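Fold and geometry: a report
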Amino acid sequence: MAFLRDFERRIEGAVEGLFARAFRSGVQPVELGKRLVRAVEDSRQVGVSRVYVDNVYTIELSPGDRERFADYEHALTSELAALVVDTARENDWAMMGPARVELETDEVLSEGRFRVVSRVEASEQQPVAAARGWGQEPVAAGPATAMLPGEVRRRPRAPASLTLLTLTGAASQTYPLDDSEVSIGRSEQSGIALADPGVSRNHARIIREGDDFIIEDLRSTNGTEVNGQPIRRRRLADGDVLKLANSTLQFRREG
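Residues numbered from 1 in each chain as written. Predicted model: local features only at pLDDT ≥ 70, side-chain atom pairs only at ≥ 80, totals over all residues. Heavy atoms only, no water.

1. Notes on the pattern of salt bridges
On inspection of all chains with the given rule, the structure shows 15 salt bridges. Of the charged contacts in the structure, one is a salt bridge between Arg 68 and Glu 111, with a shortest N-O distance of 3.2 Å. Taken together, the positions of Arg 68 in helix α3 (residues 63–69) and Glu 111 in the loop between β4 (100–105) and β5 (114–119) put the pair 43 residues apart, joining distant regions of the chain. Residue class for Glu 111 comes out partly exposed when judged on its relative accessible area of 48%. Glu 102 serves as the salt-bridge partner of Arg 119, at 3.9 Å between the closest nitrogen and oxygen. With Arg 119 in strand β5 and Glu 102 in strand β4, this residue pair connects regions lying 17 residues apart in the sequence. (Salt bridge = Lys/Arg side-chain N within 4 Å of Asp/Glu carboxyl O. Helix = DSSP H or I, 4+ residues; strand = E, 2+ residues; numbered from the N terminus. Buried < 20%, exposed > 50% of the residue type's maximum accessible area, 1.4 Å probe, protein only.)

Okay, structure coming up:
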């Protein structure tokens, strides 16, 4: 499946080589991803006009495997939640709230073994009328939420932007992300041109995939960080802070 391959690339980019060294033995992230996709499929319930799947998934790990995931738990669970969303969207399945993946420790499990359990956790933002398919457009329940009941799949795209943060008190500059791809670099031809000698001429790019925004580092000299983590490819969420050499930007979504 394409979204499983994307998951492997994203999780590799999220934690780079340190992650690969940490997981030479025990449970591998791709194993969790494959089992999670199967859990989403197994949770299907047929409604009046839609197929629904669970939106909260708990992965129970052995103490040893949980400990190895500790330093990367946030990055891993975020990418696993995105994988849940990708699976639901690929099959046009609906959820009653935002997708979330949690890790827990089960003392009984031996190293290399794990289990996945799931449940429905309806969003408090979801109006009862919309949840039952009565007219009103449902409220989006978060940046990584699959379709909700009554949601129009091809809805207008919410605007997004990057704001250049300054430490000198000067006015910040905001760049709208209106195109399907926006380049960032020192080159004057870049969509977002940064006058920073540490930024490569073609440093990174932001790609729009549906309602999601993906940042990719273009093998820059000094690399790209998101929320303090070096990345090669990363899905962005509202409020994420990007650092390119000495330049800091913040990703913002509206609507």
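2. Some words on helix α2 (residues 29–42)
For α2, spanning 14 residues, the distance from its first C-alpha to its last is 20 Å, which sits close to the expected 20 Å at 1.5 Å a residue. Restricting attention to buried positions, one finds in α2 the residues Pro 29, Leu 32, Gly 33, Leu 36, Val 37, Ala 39 and Val 40. All buried residues of α2 fall inside an arc of 160 degrees around its axis, so they share one side. (Expected span 1.5 Å × (residues − 1). Arc of directions from axis to C-beta.)

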